[in-house]
Structure formats: C-alpha cells, structure tokens
Amino acid sequence: MKIAIVGGGICGLYLAWKLSEKGEEVTVFEQKDKIGKEICSGLFSEKILKFLPESKKLIEKEIDSCLIHFPKKTIKINFAEKFFLINHFQLDNLTAQKAQKAGAKIILNKTIRKKDIKEMENSFDYIIGAEGANSATRKYLNLTKPLFQVAIQGFLLEKNNQNFLETWPTKTGFIWKIPRKEKTEWGIIESPNSAKKVFENFLKEEKIFLENKKAALVAQRFSIPKNKKITLVGESAGLTKPWSGGGVIWGLISCEILLKNFPDLIKYKKELTKFFLPKIVFSKIIKRVVYFSGFHLPFFLPKKVKIESDFLI
C-alpha cells in the first residue's frame, strides 16, 4: 500500500520505519530542511527504550525526582521509573536512519497544506497526519481546534550536577529547571497570552540571564477522525500530557495502536479513544486539584509522593 505520512518528527518517522518493515511503500513529507526537533527538553521515561532500544547510547543523564515549588510548600515527586535526558535532535535522526534503512522515502522542504492533502488522496491509499501542533491534516479534516500553550526554552551556561528537576507552578502551567551536562535549561509552558511575560518576570526576579531562547506551540485536546483513509497520531491528535505538555511517549503509544490495527483506521480510533480518553479526563481533574491545593490549601498536599509520571492511572 502507498502511505503518506505528513510530518517528519518522532511519530512520523517511527511509523515510517515500522510500516516500511511490513512492506508498505511509505513517503514522509517534512517541511523543514533537516530532520530533528530542536525546541524540546528531551526528557523521556525509560519507556523510550522499549520503542527505540538504540536510544540508550544517546542518554546524557538520569533523573530520578522532581521538586514542585508552590509559594508556601515544596513537594518532592519520586519517579517510579527512571527518566533520561536525551538530545531530541539526535533521537529523531536515529529514527530517520532506521526508517530509510527499512525503505521509507523522506522528502524534506515540503510543506503540506490543506489543499495538498486533497490531492494526496488521489495518490495514496492512506494518509497519516503526524505534523504536531499546527497539523494541516487536522485542519483538512475539520476537527475541533486544539487548545494551545506556548513553551519557551533557554539556557544558562553553567555546569549542574543535580539529578533532579525543579518546577514552579504558574496559573495554568509551570516554569522548569533541568540540569543538563554543560548547562542548565530553564523554560515555561503557559497560555500564549501570558507565557512570555510570566517567564521574563520570573527570570528578572531570580537574576537569571538566558541564552538561545526559543519558543514553540504545544497542542492539547484529544481529537481523532472517523475516517477510513486519513488519521492522526501524537500531538496532531492532541495527545500531550495535561500536567506537563510532554507528548513523545503518548505519541509513540498512539503509533503502536495504529500499527496494531492498520489498515482499519476506524478500529484504531476506537481503541485509541478507549485507551487515552479516561486518562486525559482524570489527569486534568488531578492537575486542577493539585494546583488549587498548592496555591490555596498547601497543608492538604503531602511532602513526598511517588508516581509513574507517563500515566497517572
């Protein structure tokens, strides 16, 4: 079968690899001139090794806990499984190499718009949207517009030997501090209207001066089409964690569910909805409870808690 994958991120490349191994004719269309996501913290649970065992060689550091700093209380989150800092750019390129070795064709500098997808329907048996927050495939399908947050990332050039993360909750998101090898990463995820201002005020108060600041959109609101020929995976389908905005493991799980059911896209939709929807709803409720308690009733929250992190249920 001829399959078009719109987007050469981790999900699109992973699908290209696995579908090509099954003997399908896969073409990936990527709008950038090179493979590799650059605006990402690259924090992955050890589940990444189940999908890409070779990613073990890309691990920069292990992270075992996170401190959440509310105004009057700090909570320590111990992770039930290891977290790794991995260069996302290198991870994408590793996956691209595996996809190409399996026979997938990757076309760079190719922006796919809504009108292009209509034409692609005549040339391909199936179309998979894997282009992230601003998915043209999602727009073509007239699905509900996602809820957007903005992630801003910058770096402080100093060594940091910590093996834990730190976060400061904001109104609907949080500011983070991640210890990398030769530098410290700072960032924020918040609503588009307030992210920049909140982050700049925080940095000014803490007297932190960052270099190489970049920003990207993060999409939430799960939506999957009831279409026999076109579907979505990962962030294109709004699959990012409500409490952190992270989406790689969720995206790769959506890819595995698609591979399991392919080419039955209706069955894929049903299984994906059954798996993710309860987790998304529950996670949103838990986040609201924790944020309200942290800002208004901190004595209700424990000082320490252990969670799995990729899934709260």
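Shown above is the structure to which this text applies.
Residues numbered from 1 in each chain as written. Predicted model: local features only at pLDDT ≥ 70, side-chain atom pairs only at ≥ 80, totals over all residues. Heavy atoms only, no water.

Caption draft 1: Representation of the overall build of the chain. Counting its regular elements, the chain contains eight helices and 14 strands. Taken over the C-alpha trace, the chain has a radius of gyration of 20 Å; the compact-globule value for 313 residues is 20 Å, and the two agree within 12%. Summarising its shape, the C-alpha atoms of the chain cover approximately 60 × 35 × 35 Å along the three principal directions. Looking at the chain residue by residue over its 313 residues, the buried ones come to 53%. In the chain, once contacts between residues fewer than 6 apart in sequence are set aside, the share between residues at least 24 apart is 71%. With the model as given, the accessible surface of the chain reaches about 15,400 Å², and the carbon-plus-sulfur share is 53%. Charged side chains of the chain number 55 positive and 33 negative; the gap between the two group centres comes to 5 Å. (Helix = DSSP H or I, 4+ residues; strand = E, 2+ residues; numbered from the N terminus. Rg over C-alpha atoms; globule rule 2.2 N^0.38 Å. Buried < 20%, exposed > 50% of the residue type's maximum accessible area, 1.4 Å probe, protein only. Contact = heavy atoms within 4.5 Å. Areas by Shrake-Rupley, 256 points an atom, 1.4 Å probe, with all protein chains shown as cover. Lys, Arg positive; Asp, Glu negative; His and termini not counted. Charge placed at Lys NZ, Arg CZ, Asp CG, Glu CD.)

Caption draft 2: Seen up close, the pattern of salt bridges. Within this structure, the stated rule accounts for 13 salt bridges. Between Lys47 and Glu81 there is a salt bridge, and its shortest N-O distance comes to 2.7 Å. Taken as a pair, Lys47 in the loop between β3 (43-45) and α2 (48-51) and Glu81 in strand β5 (residues 73-86) lie far apart in primary sequence, 34 residues in all. Considered together, Lys47 and Glu81 belong to a single accessibility category, that of buried residues. In this structure, a network of salt bridges that share partners links the residues Lys47, Glu81, Lys241, Glu308 and Asp310. (Salt bridge = Lys/Arg side-chain N within 4 Å of Asp/Glu carboxyl O.)

Scope: geometric values only; no functional claims are made or implied.
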